[in-house]
Amino acid sequence: MSNEQQGKMGVTSIALFTLCAVLVVDTLTASASIGVSSIGWWVVMLVFFVIPYGLITSELSTTYPGDGGIYDWVKEAFNFKWAVRTTWFYWINVGLWMPAVYIMFAGMFAELFMPDLSLWGQIAICVALTWFTVWICNVSADIGVWVTNVGAILKIIVIGTLGVGGFIYAMKNGVANEFSLPAMVPSLDSAVAFLPAIVFNLMGFELVATMTKEMKDVRDMPKAVFLSIGVTAFLYIFGTVGILMALPVESIGLVAGLIDTFKTLFGDGPFGTAMVYLFGVFALLTLIGNMVSWTMGASRAAAEAAQEGELPAPVAKMSERGSPVGANNITGIVSTVVIVSYALFAQGNDDLFWSIFAFSSCIFLLPYLFMFPAYLKLRLVDGDRERPFKVPGGIGAQWVMSLVCFFVIFQAVVLFIFPEALDLTVADWNYTGPVLIGVIVTILIGEWILMGALKRKQAEQQHQHEHQEA
């Protein structure tokens, strides 16, 4: 093995990195809140959305490899402006999502160790974790990859335990919800508000495309993507079923749901209590692993864009070890500001978690509204390029897949902002207002950044022009 090959990612570590990015323990309770019909929804999403999305990601990342991932593809297909918007949303959403994940952490931590912890005590934990994450990402990519691998393994253990524990509990005590075929059929009544959480749970298979330089062989991508899709799908469904076997739907809390499930599964004897603490701590560590993998991937893409003048100069700052410290530190600042400002408005923990989660998820999903049209356009205008992996089917099939994926993302964005989209007369503006305002403000800041990027580009062209004339 040459020195170059050492430390490179093979199929297993690519799949583990992807698994750590995609598999999120923090929204399992949201999908379980849909009830038994969530199982039907998982299956529908897998067949009609995840498989096409995985195929499209595999083709794009092997045909157009580079550190920019989704940003490279949008730039290749459309123009500079759309690439800048993509990068901005893809990167800034991590700073907006981190508060939701760490509010979840603080709530679970309080539930386990300090039931009387005040809201501001929880906020302090969130801020400390934000800067711990930034520090890990700043130190080096090797530590980051190690953290994400451990995170992925812990997620598999936590979700596996929920599944197995749920079955054992149901065998002893009966099932907490009715698991009949009619109950599993996807229905729209209660599910609408949490459906976007299922879409969100399945996003991120393209994040690993930002790590192409770290791979032994880029052609391993499709294998790794589909290996992680298979494992992810199984674990999500298994974990959701486990929670639903142990807890009645109406008693599943968004933040405390996981710890409640462990308490139900393990009982309150001395052994049970020890197991609740152990698995509770595992679940907490997975949340840190999650934020490390996303911060690493998104900051790299942002730093690359900033080096090309597409994001403000401070974002481009790199450390001597090659970590994108500028992008990481700004992510930390954004997260801190969001945590503190939302804490001033929040009524309770679940409200705080869900409104920040919904706001950051809308921003997170916007780049995908550009990615699927970009794929289609590249197939149409750059179809002659050699593709190490090519999505099967004719151009008609590519249209159908791209449109279906686009529509799934679009409806998730709408439902995150308007959970009562099927009945707008009952819009809850206390919830919808802040989420909508957050999304609009983020888009406007992006447009302001875009204007700066266009000015820099113009100045550069003028400079080159003068240089040539001279």
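Residues numbered from 1 in each chain as written. Predicted model: local features only at pLDDT ≥ 70, side-chain atom pairs only at ≥ 80, totals over all residues. Heavy atoms only, no water.

Asks: Looking at this model, I keep getting lost on the overall build of the protein chain. Mind explaining?
Replies: Scanning the protein chain from terminus to terminus reveals 16 helices and 0 strands. Taken over C-alpha atoms, the radius of gyration comes to 22 Å for the protein chain, in line with the 23 Å a tight globule of 470 residues would show. Reported as C-alpha extents along the three principal axes, the dimensions of the protein chain are approximately 85 × 60 × 50 Å. Carbon and sulfur atoms provide 66% of the accessible area of the protein chain, an area that totals close to 19,000 Å². (Helix = DSSP H or I, 4+ residues; strand = E, 2+ residues; numbered from the N terminus. Rg over C-alpha atoms; globule rule 2.2 N^0.38 Å. Areas by Shrake-Rupley, 256 points an atom, 1.4 Å probe, with all protein chains shown as cover.)

Asks: Would you mind going over the side chain of Thr130 with me for this structure?
Replies: When you line up the elements, Thr130 lands in helix H6 (residues 119–139). Thr130 gets classed as buried once you look at its relative accessible area, which sits at 0%. If sequence neighbours within four positions are ignored, Thr130 has contacts with Met98, Tyr102, Gly332, Ser335, Thr336 and Ile339. (Buried < 20%, exposed > 50% of the residue type's maximum accessible area, 1.4 Å probe, protein only. Contact = heavy atoms within 4.5 Å.)

Asks: Explain the state of the cysteines here, please?
Replies: Here, disulfide denotes a covalent bond that connects the sulfur atoms of two cysteines. All told, the structure shown has 0 disulfides when counted by the stated rule. Cysteine Cys405 remains unbridged, with the sulfur of Cys362 as its closest cysteine sulfur at 19 Å. (Disulfide = S-S within 2.5 Å.)

Asks: Just checking my understanding: could you explain the pattern of salt bridges for this structure?
Replies: Close approach of charged atoms allows side chains of opposite charge to pair. Per the stated rule, a full pass over the model turns up 8 salt bridges. Put simply, Glu308 and Lys75 hold a salt bridge, and the shortest N to O gap is 2.9 Å. Highlighted residues: Glu308 in the loop between helix H12 (270–307) and helix H13 (325–345) and Lys75 in helix H4 (residues 70–77), separated in sequence by 233 residues. A relative accessible area of 42% places Glu308 in the partly exposed class. What makes Lys75 partly exposed here is its relative accessible area of 28%. A single network of salt bridges, built from pairs that share partners, joins Glu59, Arg379 and Arg387. (Salt bridge = Lys/Arg side-chain N within 4 Å of Asp/Glu carboxyl O.)

Asks: What exactly am I supposed to notice about the environment of Lys390 here?
Replies: When you line up the elements, Lys390 lands in the loop between helix H14 (349–381) and helix H15 (395–417). With relative accessibility at 48%, the residue Lys390 sits in the partly exposed group. Sequence spacing of Lys390 and Leu28 is 362 residues, and the spatial spacing of their C-alpha atoms is 33 Å.

Asks: Help me understand the packing of helix H5 (residues 80–113) against helix H16 (residues 429–469), please; the structure alone is not making it clear to me.
Replies: Two elements in contact, H5 and H16, have axes separated by 10 Å at closest approach and are oriented at 135°. Between H5 and H16, the crossing angle belongs to the class labelled oblique. When you trace H5 past H16, the crossing you get is right-handed. Facing H5, whose interface residues are Phe80, Lys81, Val84, Arg85, Trp88, Phe89, Ile92 and Leu96, H16 presents Thr442, Ile443, Ile445, Gly446, Glu447, Ile449, Leu450, Ala453, Leu454 and Lys457. Of the residues contributing to the contact of H5 with H16, the split by class is 12 nonpolar, 2 polar and 4 charged. (Axes fitted to C-alpha atoms, helices over the stretch in contact; angles between N-to-C directions. Parallel < 35°, antiparallel > 145°, perpendicular 65-115°, else oblique. Left-handed = near helix turned anticlockwise from the far one by under 90°. Nonpolar A, V, L, I, M, F, W, Y, C, P; charged D, E, K, R; others polar.)

Asks: I would appreciate a short explanation of the nonpolar core in the present structure.
Replies: The tendency in soluble globular proteins is for nonpolar side chains to be buried as a group. In terms of nonpolar packing, the biggest core is built from 149 residues, with Phe49, Trp354 and Tyr368 touching the most fellow members. Ignoring any residue separated from it by four or fewer positions in sequence, one finds Phe49 in contact with Val44, Val199, Met203, Phe372, Cys405, Val408 and Ile409. In this structure, Val36, Ile39, Ala170 and Met245 belong to the second largest nonpolar core, which totals 5 residues. (Core = buried A, V, L, I, M, F, W, Y, C linked by side-chain atoms within 4.5 Å.)

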